[in-house]
Amino acid sequence: MEFTAKQIAGLIDGRIEGNENAAVNTFAKIEEGKEGAISFLSNPKYTHYLYETKSSIVLLNDDVELEHPVSTTLIRVPNAYEAIAKLLQIYESMKPKKSGIDPLAFVSPKATIGKDVYIGAFAYVGDGSVIGDGTQVYPHTVIGDNVTIGANGLFYPNVTIYQGCRLGNNVTVHAGSVIGADGFGFAPGEQGYNKIPQIGIVIIEDNVEIGANTCVDRSTMGATLVKKGVKLDNLIQVAHNCEVGENTVMSAQVGLAGSTKIGDWCMVGGQAGFSGHIKLADHTFIGAQAGVISNTKSGEQLIGTPAIDPKIFFKASALMKRLPDMYKELGQLKKELAELKEKQIQ
């Protein structure tokens, strides 16, 4: 499908500089631009590509000033990154959606399936489960008994949703993820560790996206809760009885220990770890590989292990480089001090 610069500008409230009839039918990175493609520029590091790209249209921030002429048609917007995201969403929504139940899938006669649902080959839907309108369940995905899934969900291959879990509307779960496995609960006894039954569930609210091979464990009692708008990357562990607040985002390999409570609109960098039973206030920023062991205040920024204020962390890091020399100097000072004491005694 082809769109002109004029049509695209209308979709994103952009301002055209160049040929309003320039047409595109695909997307490309600005450094890999080609005729018939639309690209975007939001990172200043890529500005030089603007003058050499072969893309027919480039989205550009309003405040960028041209240093040289360009051959491409520009569409200026307040935020090029946000604009390209909107266009990609429109493009994705125009793709035809699969529907129907594959004859090789198993759907329990006790399950309730909505309209325009797709269930792929070798997928399984258990007794008492409810799948909302327009939801797509790809091959080899397992939906256990008494699971509730809202409308327009998207579950890629090999997703597993354990019994009793509840998922809202517009939930996307990528391949290999597991929702509702047992939380890690064991009580030490004389003969070893006794398993503590995990009788709770997982609740995932609307508009949540969960990356590949991520695990959200069911609670011991009650529910592990992922609130609306949350975005989780690949390979994340959300332990039992955790709570992830609205519109929080987490990069890959983050680990939450049991009963961690994350506030709304938090940002968590990759490989950050959280000890159990702590609370992150709303709008907390946690840097990559941080180790968080205590509660935070709203708006706080923390990095390092244990996680501390970035200014303190960078000062401490700078001192780390000097520690070997400081150690030598300290040894020399101790030696000189000992010599002075010996002279005083004499």
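For the structure given in this document, a descriptive report is provided here. These numbers were taken from a predicted model, which means no experiment stands behind them.

Ranked by internal contacts, the top residues of the largest apolar core, which has 47 residues, are Phe-155, Ile-161, Ile-204, Met-250, Leu-256, Phe-274 and Ile-286. Not counting chain neighbours up to four residues away, the residues in contact with Ile-286 comprise Met-267, Val-268, Gly-269, Ala-272, Phe-274, Leu-280, Val-292 and Leu-302.

Once that is clear, we can look at a nonpolar patch on the surface. Together, Leu-319, Met-320, Leu-323 and Met-326 make up an exposed nonpolar region whose accessible area comes to about 370 Å². Residue placement: Leu-319 occurs in helix α3 (residues 310-345). For Leu-319, a relative accessible area of 42% gives the class partly exposed.

What follows covers the environment of His-240. Tracing the chain through its elements places His-240 in the loop between β29 (237-238) and β30 (243-244). Between the alpha carbons of His-240 and Ala-181 there is a distance of 9.1 Å; along the sequence they are 59 residues apart. The contacts of His-240, once residues within four sequence positions are left out, are Gly-183, Phe-184, Gly-185, Gln-198, Asp-217, Arg-218, Ser-219, Thr-220, Thr-224, Gly-258 and Ser-259.

Here we take up helix α2 (residues 80-93). Here α2 spans 20 Å end to end across 14 residues, near enough to the 20 Å set by a 1.5 Å rise per residue. By the burial criterion, the buried members of α2 are Ala-80, Ala-83, Ile-84 and Leu-87. The arc enclosing the buried residues of α2, seen along the axis, measures out at 95°, which places them on a common side. In α2, the exposed positions that point more than 90 degrees away from the buried face belong to Tyr-81, Glu-82, Gln-89 and Ser-93. Where α2 is buried, its residues contact α1 (5-12), β4 (26-27), β5 (37-41), β6 (57-61) and β7 (73-77). Where α2 begins, one side-chain oxygen reaches toward the backbone nitrogen of Tyr-81, 3.1 Å away; that side chain belongs to Asn-79.

What counts as what
Residues numbered from 1 in each chain as written. Predicted model: local features only at pLDDT ≥ 70, side-chain atom pairs only at ≥ 80, totals over all residues. Heavy atoms only, no water. Core = buried A, V, L, I, M, F, W, Y, C linked by side-chain atoms within 4.5 Å. Buried < 20%, exposed > 50% of the residue type's maximum accessible area, 1.4 Å probe, protein only. Contact = heavy atoms within 4.5 Å. Patch = residues over 30% accessible without salt bridge, like charges linked within 9 Å, V, L, I, M, F, W, Y side chains within 5 Å. Areas by Shrake-Rupley, 256 points an atom, 1.4 Å probe, with all protein chains shown as cover. Salt bridge = Lys/Arg side-chain N within 4 Å of Asp/Glu carboxyl O. Helix = DSSP H or I, 4+ residues; strand = E, 2+ residues; numbered from the N terminus. Expected span 1.5 Å × (residues − 1). Arc of directions from axis to C-beta. Polar contact = N/O pair within 3.5 Å; in protein donor to acceptor, adjacent residues only side chain to side chain.

In short, shape yes, function no, at least from these values alone.
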